[in-house]
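Results of the structural survey
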Amino acid sequence: MKPGKHASNAGGLAARISLLVTAGLLLVACGQDNGRSSGAGVSEEDAARAMSRIDVDGMTRRTVALADDAMQGRAPMTDGETRTLAYLEQEFADTGLEPAGDQGFLQPVPLVEITASAATTMALGGESLRYGDDFVVWTKRVVDEISIKASDLVFAGYGIIAPEYGRNDYAGVDWAGKTAVVLVNDPGFATGDAEVFNGRAMTYYGRWTYKYEEAARQGADGVLIIHETAPAAYGWDVVRNSNVGPQLDLVTENDGADRAAIEGWIQRDVAERLFQRAGLDLDAMKQAALDAEFLPVSLEQTASVDVQNTIRKQASYNVIGMLTGSERPDEYVIYTAHWDHLGVDPALEGDQIYNGAADNASGVAALLEIAEAYAALEPPPRRSVMFAAVTAEESGLLGSLYFARNPPVLTRNLVAVLNMDIMLHNGSEAQTTLLGLDQSALAELAREAASRQGREVRPHPSPESGYFYRSDHFSLAKFGVPGLSFLNAGPADSVYVREHYHKPSDEYRDDWDLSGAVQDAQLYFDLGYRLADSDAFPAWRETSEFRAARVADGR
Ligand SMILES: [Zn+2]
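Throughout what follows, the structure given in this document is the object of discussion. What you are looking at is a predicted structure, and each value in this text was computed from that prediction instead of being measured. (Residues numbered from 1 in each chain as written. Predicted model: local features only at pLDDT ≥ 70, side-chain atom pairs only at ≥ 80, totals over all residues. Heavy atoms only, no water.)

With respect to the pairing of strand β21 (residues 483-486)
Burial of the side chains of β21 extends over both faces: Gly 483 and Ser 485 are buried on one face and Leu 484 and Phe 486 on the other. Relative to β21, strand β18 (residues 414-420) runs parallel, the two sharing four bridges. By the bridge assignment, Val 417 is partnered in β21 with Gly 483. In the sheet, strand β19 (residues 431-435) pairs with β21 via two bridges, with the strands oriented antiparallel. In the strand pairing of β21, Leu 434 is matched with Phe 486. (Buried < 20%, exposed > 50% of the residue type's maximum accessible area, 1.4 Å probe, protein only. Helix = DSSP H or I, 4+ residues; strand = E, 2+ residues; numbered from the N terminus. Pairing = 2+ DSSP bridges.)

Observations concerning the packing of aromatic side chains
For the coordinates displayed, the defined rule picks out 29 aromatic pairs. Taken together, a centroid distance of 6.1 Å and an interplanar angle of 65° make the contact between Tyr 335 and Tyr 524 edge-to-face. Remark: Tyr 524 occurs in helix α16 (residues 515-532) and Tyr 335 occurs in strand β14 (residues 328-338); sequence separation between them is 189 residues. With relative accessibility at 0%, the residue Tyr 335 sits in the buried group. Taking the centre distance of 6.1 Å and the plane angle of 90° together, the rings of Phe 468 and Tyr 469 count as edge-to-face. Residue Phe 468 shares its accessibility class with Tyr 469, and that shared class is buried. Here the aromatic residues Tyr 165, Phe 197, Tyr 204, Tyr 205, Tyr 210, Phe 468, Tyr 469, Phe 474, Trp 540 and Phe 546 are joined through ring pairs into a cluster of three or more. The ring of Phe 537 has Arg 383 sitting right over it, with the charged end atom 4.8 Å from the ring centre. (Phe/Tyr/Trp six-rings, centres within 6.5 Å; stacked < 30°, edge-to-face > 60°. Lys NZ or Arg CZ within 6 Å of the ring centre and 35° of its normal.)

So, the nonpolar core
Core analysis: the biggest nonpolar cluster contains 142 residues, and Trp 265, Tyr 335 and Phe 387 have the highest contact counts within it. The residues that make up this core include at least three from each of domain 1 (47-99 + 324-552) and domain 2 (114-311). (Core = buried A, V, L, I, M, F, W, Y, C linked by side-chain atoms within 4.5 Å. Domains from an automatic or database assignment.)

What to know about the pairing of strand β13 (residues 297-323)
Relative to β13, strand β1 (residues 98-99) is paired through two bridges, and the arrangement is antiparallel. From the neighbouring strand, Pro 99 faces β13, where its bridge partner is Gly 321. Where strand β2 (residues 106-116) meets β13, 11 bridges bridge the pair, whose relative direction is antiparallel. Looking across to β13, one finds that Val 112 is bridged to Lys 313. The pairing of strand β6 (residues 145-155) with β13 spans eight bridges and is classified as antiparallel. Opposite Val 154, over in β13, you have Ser 298 as the bridge partner. The pairing of β13 with strand β17 (residues 383-390) spans five bridges and is antiparallel.

Thoughts on the coordination of the zinc ion
Around the zinc ion, the donor atoms from the protein are His 338 (NE2), Asp 359 (OD), Asp 421 (OD) and Asp 421 (OD), and they sit 2.0 to 2.7 Å away. For the zinc ion, the single-chain donor residues occur in sequence as H-x20-D-x61-D. Pair noted here: His 338 is in strand β14 and Asp 421 is in the loop between β18 and β19, with a separation of 83 residues, a long-range link. The exposure class of His 338 is buried, given its relative accessible area of 0%. (Donors = N, O, S within 2.8 Å, 3.2 Å for Na, K, Ca; no water.)

Fair warning: the whole summary comes from geometry, so function is off the table for now.
As structure tokens, then:
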């Protein structure tokens, strides 16, 4: 193999650099092309040798260990967490990583767990609904009980306030004492019109988290999202499984007092009846809501909700390790994967353990394999490399959000975040799915790394599902760190998404073949060590909503 990262490019180094500069990257020749005059830098031979440490045996052994029934579905603040942390700390130590948490490898993440009573009630327009079957509601306020009585129900379209699209779905209403009923996703998805929002690709305005945040800013009592499978990108069972039972949040100074009293979802047929009683047709109102001039419409009924909570405050933990770079140790390439999953549900018939083998034992296994490859690199890359197995992703990216708010190092010195959340498990694939290809100059590096494998990277087949906002790289993106994420669950109608995603059947099976996960981990290693061996700070695209935060951070 030829030495030097650009030497194989027939177009020549100068042409290549000018291409990259055009693409918004400031890649400079850092000396690797002339060997290692500074004594640092990674040769292709050394990298290949280290990369071969990432193999199917290790990937499988680690996935099986993390997805084992003994790990109890890896729910934060349970015995399953204790066992998972013990395993990860041992693996990090055995790999030779340096501790980068506050307590050795551990970074405590203060969480509050709020469990709504199974006796939670809601009536809309006098119709009493069945908790879990017809609706789910909760409160993010840290209180023993929340009760709203006769709160006026108002349809607020998509629940979006977006000045850049000339839209305010909350306009003209004093929201105190009212509950907003809103649609999921955004008008771009509904119309499929590329000129409307971001076309079929979901914007952050389409995410449920945004809907709750905006209703709170408007001072509404509550907000109920009408569930529909296509625009939500998942079925009602996912909504129910994710929202009934203990709910986690980061501890905040005001104990969630700035949130709406009630947040929740209702089934589509519940909404149809609600609208009918007001003499309205849901489909017609959905159509009306597409108009940027849409104004809120009273549903002429009220909501009454009662939720009693059990509250527990406790820390969960991120597990963070690193390897120090040889020349620019204060700059970091960071790899992330969430270790948590949904735990155990004693109410289920049959299998009660959410093993989360693909989601995300596989991603953590890949993180460990990549760390092992780096540890075998001698000399190390010029920059440092960090590895973070984060908690409470399934509860709203909480571990990574805490990490981003309380980083062990300055976020401006995080060069890029490479996240893994659901790896390939059906053998080698010539194409692999990465989130963030439309967001930053990391896309070009990923394409190059894939092409060195004779493979291709592709964007997610369902951009309308908003997956970029659904895993841990997003927490760091909010703070300006450019990122990519593997997400190999397939399209919204894939067998995995339909039958196993967030279900106890997401288990390791003997017919799994993790050679595709190995290829992807090697791709990430290849991309990451080259970045760690360079001076480049890959930039966000001009159009990215995350670019401003990076620029404000002086990058
Ligand atoms: Zn996941």
